[in-house]
Number of protein chains: 2
Amino acid sequence: MEKIEALITSYVKEVDLDALALYAQVATGKRLRAKLILKIAGENDRSLKLAAIVEMIHAASLLHDDVIDDASTRRGQASINALYGDKTAIMLGDILYSKGFLELVDFEQEIAQAISDAVAQLSVGEMLDVTLSDEINLDTERYFEMIYKKTAVLIEATAKSAALLCGKDEKAFATYGKNLGLAFQIIDDVLDITMSDEQLGKPALADFKEGKTTLPYIYLFEALNSDEQTILNSLYKKELTDDDKRWIKTKMQESGAVMRAINDAQSLGREALIAIKHDQNSDLERVITDMIEREF
Amino acid sequence: MEKIEALITSYVKEVDLDALALYAQVATGKRLRAKLILKIAGENDRSLKLAAIVEMIHAASLLHDDVIDDASTRRGQASINALYGDKTAIMLGDILYSKGFLELVDFEQEIAQAISDAVAQLSVGEMLDVTLSDEINLDTERYFEMIYKKTAVLIEATAKSAALLCGKDEKAFATYGKNLGLAFQIIDDVLDITMSDEQLGKPALADFKEGKTTLPYIYLFEALNSDEQTILNSLYKKELTDDDKRWIKTKMQESGAVMRAINDAQSLGREALIAIKHDQNSDLERVITDMIEREF
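Residues numbered from 1 in each chain as written. Chains lettered and ligands numbered in written order. Predicted model: local features only at pLDDT ≥ 70, side-chain atom pairs only at ≥ 80, totals over all residues. Heavy atoms only, no water.

## Comments concerning the relation of the copies chain B and chain A
- Turning chain B through 180° and shifting it by 0.0 Å along the axis lays it on chain A, with an RMSD of 0.0 Å. The superposition of one copy onto the other is thereby described by a two-fold rotation axis. (Least-squares fit on C-alpha atoms with pLDDT ≥ 70 in both.)

Structural data, given as structure tokens:
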């Protein structure tokens, strides 16, 4: 990962020194996308460069996301918009996007197209996420469309591009990436409900308050009787009391809503494993098994 | 121009229908960049497509610019951020940028690189513009660096790409585009001082209030005595009274500061004309002569 960090640093530095100082303060996360590329295509100049590009684009999307969501923290650290204001976060995002695209032009057209198509859909995903937060959403199809565009589409394009880079079956890896991305987002949405503030490094049960009706909430709503549905409805976008929180957490477990969402993630994970079975890549398999076997 | 509008509409529609409804409300302007491409490369499928892409990218940069500058109008119309909020403007900008890049991948690498490199510098230009607005700037070099990145760099890349598209001398056309862009921005900065609110379709003398020390202000400062410099300094970033406005306008003319800036624009224009003299393209020559001979 240090080689990728060094590449990103040199790319940002090529554009602007001020941007580099800012970029140094972006919370970088687990580098899932970069790791995927190296695990699929092995480590070489091309795969390292592609990994750096994808991580720059991902960071850009998070910078704009945090502005759009008014998020003050990112992975337990202060977000750039919280530290330096929305404008700086927008500009740094634009710099990372455009430098990412500039370097992407060096790659085969199919790869450049896959990644830039994903970014276009990612931007639509941002918009869909905001639209879906206007009112409670009880439609799983719209939920899946949103998490596909907001999360899975870039992971799908990343895995596909890595396969193209090394001549592997790009459709199989695209399926792997898409399913991994969807499962990953569902589990993220589950953890918002099942974990404590301390475990998350940010306030728990924040999604519903922010207008996000994630999959467990849709399933919970389906399982509740009409009186309970009225209660759940009344808590939408509200500051929750400790009693409210306990009620939601209890109902989520009792109704099996959380378990149903976890099952969905696990079956997506299994499909991902089937797609790349022929590759016999234990590293890629472990990404999935670690995710679906973790504690909730 | 209708063919280009239709192409942009179909591109935005391919990404997202909601985005199309929003895009229809963006003030589109004179389409200088699109016209340049058609005038250099002639009208054909490739030049129309490139023109649509460049205009989408330009629109995206203006959407983000208006958020960063808190601008409530754009070319006399309400801006998207004023109509629908900053978040919508950021997202629509991201959609236009990313769809523009996606379509750009269809072009030769040299063209894709020229345009995407320009966008990276454009983002840095946004940042530089904000930094330069922190305090009064009396350095012409920093002013020229900023207007190069904020305005000229995309026009330069546009003209260069159009030349590459039709096998003309790309260096000559890059020089033409760069000089046109610089001259264009200087004149825009002059008009903020010399024109009335009605002529501009927006409040005049807005730049200095917004922290922008444009070229005529730098020249004015150089020409004033120290007492007058103190007065000018005291007006920086302030709401101007009618007396203040009259004082600035009078001093701008008396000191020759406005004329000096116009002369700079004109000599850049003449350099642009020399660069493309061999092409004997009266349309392209008229773009420059119209600009440098207009009324101030």
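## Examining the interface of chain B and chain A
- Taken together, the 32 residues of chain B in the interface contact 32 residues of chain A.
- Between chain B and chain A, the buried area comes to about 3100 Å², and carbon and sulfur atoms account for 70% of it.
- Counting the contacts that link chain B with chain A gives two salt bridges.
- Taking the shortest distance from any N to any O, the salt bridge between B:Lys87 and A:Asp70 comes out at 3.1 Å.
- At the junction of chain B with chain A, the criterion picks out 14 residue pairs in polar contact (both at pLDDT 80 or more).
- Broken down by secondary-structure element, the contributors of at least two residues to the side of chain B that touches chain A are α4 (45–68), α6 (86–104) and α7 (109–132) of chain B.
- Ranked by residue count, the leading element in the side of chain B that touches chain A is α7(B), at twelve residues.
- Of the residues belonging to the side of chain B that touches chain A, the class tally is 17 nonpolar, seven polar and eight charged. (Contact = heavy atoms within 4.5 Å. Buried area = accessible area lost by both parts, 1.4 Å probe. Salt bridge = Lys/Arg side-chain N within 4 Å of Asp/Glu carboxyl O. Polar contact = N/O pair within 3.5 Å; in protein donor to acceptor, adjacent residues only side chain to side chain. Helix = DSSP H or I, 4+ residues; strand = E, 2+ residues; numbered from the N terminus. Nonpolar A, V, L, I, M, F, W, Y, C, P; charged D, E, K, R; others polar.)

## Considerations on the packing of helix α3 (residues 32–41) of chain B against helix α8 (residues 140–165) of chain B
Residues and elements named next belong to chain B.
- At a closest axis distance of 8 Å, the pairing of α3 and α8 adopts a crossing angle of 25°. Considering their axes alone, α3 and α8 lie roughly parallel with respect to each other. You can see that α3 and α8 cross each other, and the crossing is right-handed. Where α3 abuts α8, its residues Leu32, Arg33, Leu36, Ile37, Ile40 and Ala41 lie against Leu154, Ile155, Thr158, Ala159, Ala162, Ala163 and Leu165.
- The class makeup of the residues in the contact of α3 with α8 is eleven nonpolar, one polar and one charged. (Axes fitted to C-alpha atoms, helices over the stretch in contact; angles between N-to-C directions. Parallel < 35°, antiparallel > 145°, perpendicular 65-115°, else oblique. Left-handed = near helix turned anticlockwise from the far one by under 90°.)

## Remarks on the environment of B:Lys178
Residues and elements named next belong to chain B.
- Looking at where lysine 178 falls in the secondary structure, it is placed in helix α9 (residues 170–194).
- It is 28 Å that separates the C-alpha atoms of lysine 178 and alanine 6, two residues lying 172 residues apart in sequence.
- Beyond its immediate chain neighbours, meaning those up to four positions away, lysine 178 contacts Tyr148, Ala152 and Glu156.

## Things to note about the packing of aromatic side chains
- Considering all chains together, one arrives at nine aromatic pairs over all chains under this definition.
- Geometrically, the ring pair formed by A:Tyr97 and A:Phe101 is stacked, given 6.5 Å between the ring centres and 20° between the ring planes. Of this pair, A:Tyr97 and A:Phe101 both sit in helix α6 (residues 86–104), four residues apart, which is roughly one turn of the helix.
- Of the residues examined, A:Phe101 reaches a relative accessible area of 4% and is grouped as buried.
- Members of the aromatic cluster, connected to one another through ring pairs, are A:Tyr97, A:Phe101, B:Tyr97 and B:Phe101.
- Lying over the aromatic face of B:Tyr148, B:Lys178 brings its terminal NZ or CZ to 5.0 Å of the ring centre. (Phe/Tyr/Trp six-rings, centres within 6.5 Å; stacked < 30°, edge-to-face > 60°. Buried < 20%, exposed > 50% of the residue type's maximum accessible area, 1.4 Å probe, protein only. Lys NZ or Arg CZ within 6 Å of the ring centre and 35° of its normal.)

## Points about the confidence of the model for chain A
Residue and element names in this part refer to chain A.
- Residues at a pLDDT of 70 or more form 100% of chain A, whose mean pLDDT is 94.
- Helix α12 (residues 215–223) holds the highest mean pLDDT among the elements of chain A, 98, whereas strand β1 (residues 73–74) holds the lowest, 84.
- As a predicted assembly, this complex carries a pTM of 0.91 together with an ipTM value of 0.89. (pLDDT = per-residue confidence, 0-100.)

## Considering the pattern of salt bridges
Residues and elements named next belong to chain A.
- One pass over the structure, following the stated rule, counts 46 salt bridges over all chains.
- Lysine 212 is the partner of aspartate 69 in a salt bridge, and the nearest nitrogen-oxygen pair spans 3.4 Å. Residue aspartate 69 is located in the loop between α4 (45–68) and β1, and its partner lysine 212 is located in the loop between α11 (206–209) and α12; the two are separated by 143 residues in the primary sequence.
- Relative accessible area serves as the criterion here: at 17%, lysine 212 is assigned to the buried category.
- Taken together, the shared-partner salt bridges in this structure form one network comprising Asp65, Asp69, Asp129, Lys150, Glu210 and Lys212.

## A short note on the environment of B:Leu32
Residues and elements named next belong to chain B.
- Of note, leucine 32 is situated in helix α3.
- The class of leucine 32 is buried, set by a relative accessible area of 15%.
- Taking the C-alpha atoms as reference, leucine 32 lies 8.8 Å from glutamate 55; in sequence the two are 23 residues apart.

## As for helix α7 (residues 109–132) of chain A
- In this model α7(A) runs 34 Å from its N-terminal to its C-terminal C-alpha over 24 residues, within 8% of the 34 Å that 1.5 Å per residue would give.
- Among the 24 residues in α7(A), 17 count as buried, and that is most of the element. (Expected span 1.5 Å × (residues − 1).)

## Some details on the packing of helix α12 (residues 215–223) of chain B against helix α15 (residues 257–275) of chain B
Residue and element names in this part refer to chain B.
- Running from amino to carboxyl end, α12 crosses α15 at an angle of 130°, the nearest separation of the two axes being 8 Å. Here α15 runs oblique to α12, going by the angle between their axes. Our pair here, α12 against α15, has a crossing hand that is right-handed. Along its contact with α12, which presents Leu215, Pro216, Tyr219, Leu220 and Glu222, the element α15 presents Ala257, Arg260, Ala261 and Asp264.
- Its residues placed into classes, the contact of α12 with α15 shows six nonpolar, no polar and three charged.

## Concerning unusual backbone geometry
- We note that A:Asp70 has phi near 50°; this positive angle belongs to a residue other than glycine.
- The residue A:Asp70 is located in the loop between α4 and β1 in this model.
- Residue A:Asp70 is classed as exposed on the basis of its relative accessible area of 55%.
- Here B:Leu205, not a glycine, exhibits a phi torsion of approximately 50°, which is positive.
- Mapped onto the elements, B:Leu205 comes out in the loop between α10 (197–200) and α11 (206–209).

## Details of α4(A)
Residues and elements named next belong to chain A.
- With 24 residues, α4 ought to run about 34 Å at 1.5 Å a step, and its terminal C-alpha atoms sit 35 Å apart, in line with that.
- The buried fraction of α4 is high, at 22 of 24 residues.
- With a side-chain oxygen positioned 3.1 Å from the backbone nitrogen of arginine 46, the residue opening α4 is asparagine 44.
- Aspartate 70 lies just past α4 and shows a positive phi near 50°.

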